[in-house]
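# Structure at a glance
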Amino acid sequence: MAEFCVLVWLSILLAFGFINGSLAEEKIGVYELKKGNITLKLTNYGARVISVYLPDKYGKVDDVVLGYDSIDEYLNDTSSFGATVGRVANRIAGAQFTLNGTTYKLVPNEGKNMLHGGRKGFSKVVWKVKKYKQAGHTPHITLTYRSFDGEEGFPGNLRVTLAYTLLENNQLSITMKAKAQKKSTPVNLANHAYWNLGGQSSGDILSQEIQIFASRYTPLDSQLIPTGQIVSVKATPYDFLNPATIGSKINQLPKGYDINYALDASAHNKMKKTAIVHDKKTGRVMELFTNQPGLQFYTSNTLEKKGKGGFVYKPHAALCLETQGYPDAVNHPNFPSVIVNPGKSYKHYMLFKFSTS
């Protein structure tokens, strides 16, 4: 009888989203936004993009985002498929930083360093759905999360709001906002969707063409931590100022691309064109705009996962374009600051424009 009661209690906890040690305010759900030629599916577990269906130049519709078939698989995901990562995306050296005279020890989850906010971060919590409109003029969903003082070692309470909105002319807007309360804290959120414009099961992305509007990048050490330098892309494999296929220079790197670009900008914190990706076979084009200073270009270099429909994703099966503050900015005073002070707000805007050519 006691065993039966325990099982019933566990079932209740699961039904209400009790995972990873926190009781969610609502169940984990899947939500769909549809407008024109775009159908977007998301889940409030990790505020993740599950799928993006788009037509190609022949009218054939396919899913261009890697992922899984079930929510259970996302619960065990280690690749951050489609996730919102934070409180600080990318890497923090030694899983620590000093702010206003206090050294904060964080939770390391990649050797001695922190990656994407720690072992749990924002990608493994259940976000609250505040607003949801599936169709109409501006289909959208708004998600919120309250990060507590000391979570993963970060100081201060943080209120986070995230909105996905479909706009006219096949555009997807992602807005990330956060407000610090009582204590200053670093904030650097990112969207970790894995894109393959040929379709999620089409193979690698090496023949796809990319242009990145950045003349500089931040070199890394052997642990993928920035050295603190900001150098020119000229005469390096990182130069995509002119369109080129991803595979054209990738063999000059040990595994592939996993690098932060210092984006060219005419005005700080203004929306600017960041990158263009073109799959010539399907004709699909994706343009990305942001107000952030950095862009992480990642070519899924070590990917080995069974994904949607049982298809096995291999290295270079997708690319990630993560608009962001610079990695490890908390330990490099010469990098743009990611510190948000009490009462102040963090605002991160992304705009994806999809078309065919």
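Residues numbered from 1 in each chain as written. Predicted model: local features only at pLDDT ≥ 70, side-chain atom pairs only at ≥ 80, totals over all residues. Heavy atoms only, no water.

Looking at an unreviewed UniProt entry, the protein chain carries the name Aldose 1-epimerase, with the source organism given as Ricinus communis. In UniProt, the protein chain has this text filed under Pathway (unreviewed entry): "Carbohydrate metabolism; hexose metabolism." (UniProt positions renumbered as here; feature names shortened; annotations may be inferred.)

### A short note on the overall build of the protein chain
Looking only at helices and strands, the protein chain features two helices and 30 strands. Relative to the compact-globule value of 21 Å for 357 residues, the protein chain shows a C-alpha radius of gyration of 20 Å, a close match. Across its three principal axes, the protein chain shows a C-alpha extent of roughly 65 × 55 × 40 Å. Restricting the contact set of the protein chain to residue pairs at least 6 apart, pairs at least 24 apart contribute 65%. Summing over all exposed atoms, the protein chain offers an accessible surface of approximately 15500 Å²; the carbon and sulfur share of this is 52%. (Helix = DSSP H or I, 4+ residues; strand = E, 2+ residues; numbered from the N terminus. Rg over C-alpha atoms; globule rule 2.2 N^0.38 Å. Contact = heavy atoms within 4.5 Å. Areas by Shrake-Rupley, 256 points an atom, 1.4 Å probe, with all protein chains shown as cover.)

### Focus on the UniProt feature "active site" (unreviewed entry) in the protein chain
Sequence positions flagged by UniProt for "active site" (unreviewed entry) are, in local numbering, His192 and Glu322. A stretch of 131 residues holds the annotated residues, and the largest C-alpha distance among them is 6.2 Å, short enough that they meet in one place. Cross-referencing the annotated residues with the lining of the largest pocket gives His192 and Glu322. For His192, the location among the structural elements is in strand β17 (residues 190-192). Aside from chain neighbours lying at most four places away, what touches His192 is Ser79, Ser80, Phe81, Gly82, Ala83, Val85, His116, Cys320 and Glu322. Relative to the helices and strands, Glu322 resides in strand β28 (residues 320-324). On the accessibility criterion, Glu322 (2% relative accessible area) is buried. Dropping the residues within four chain positions of it, Glu322 is found in contact with His116, Ala190, Asn191, His192, Gly294, Leu295, Gln296 and Tyr298. (1 Å grid on protein atoms, 1.4 Å probe; cavity = no way out; pocket = protein on both sides within 12 Å on 5 of 7 lines; lining within 4 Å. Buried < 20%, exposed > 50% of the residue type's maximum accessible area, 1.4 Å probe, protein only.)

### Thoughts on the layout of surface pockets
Of the pockets and cavities examined, the largest pocket occupies roughly 860 Å³. As for the largest pocket, its lining consists of 39 residues, and the residues nearest its centre are Arg91, Glu110, Leu115, Asp258 and Tyr298. At the level of secondary structure, the elements contributing two or more residues to the lining of the largest pocket comprise β22 (258-262) and β25 (294-298). By residue class, the composition of the lining of the largest pocket is 14 nonpolar, 13 polar and twelve charged. (Points joined across faces, edges and corners; volume = space filled by probe spheres on them. Nonpolar A, V, L, I, M, F, W, Y, C, P; charged D, E, K, R; others polar.)

### As for the sheet that holds strand β4 (residues 38-43)
Pairing in this open sheet of four strands is antiparallel, and the strands run β3-β4-β5-β6 from one edge to the other. Each edge of the open sheet is held by one strand with a lone partner, namely β3 (30-35) and β6 (61-63). Recorded for the sheet is a direction-independent mean angle of 15° between the axes of neighbouring strands. In this sheet, strand β5 (residues 48-55) lies alongside β4 in antiparallel orientation, the contact comprising five bridges. Note on β5: the bridge partner recorded for Thr39 is Tyr53. (Pairing = 2+ DSSP bridges. Axes fitted to C-alpha atoms, helices over the stretch in contact; angles between N-to-C directions.)

### Examining the pairing of β5
With seven of its eight residues buried, β5 lies for the most part within the structure. The loop that links β4 with its antiparallel partner β5 comprises four residues; one of these, Gly46, has a positive phi angle of about 75°. Here β5 runs beside β6; their pairing, made up of three bridges, is antiparallel. Within the sheet, the bridge partner assigned to Leu54 lies in β6 and is Asp62.

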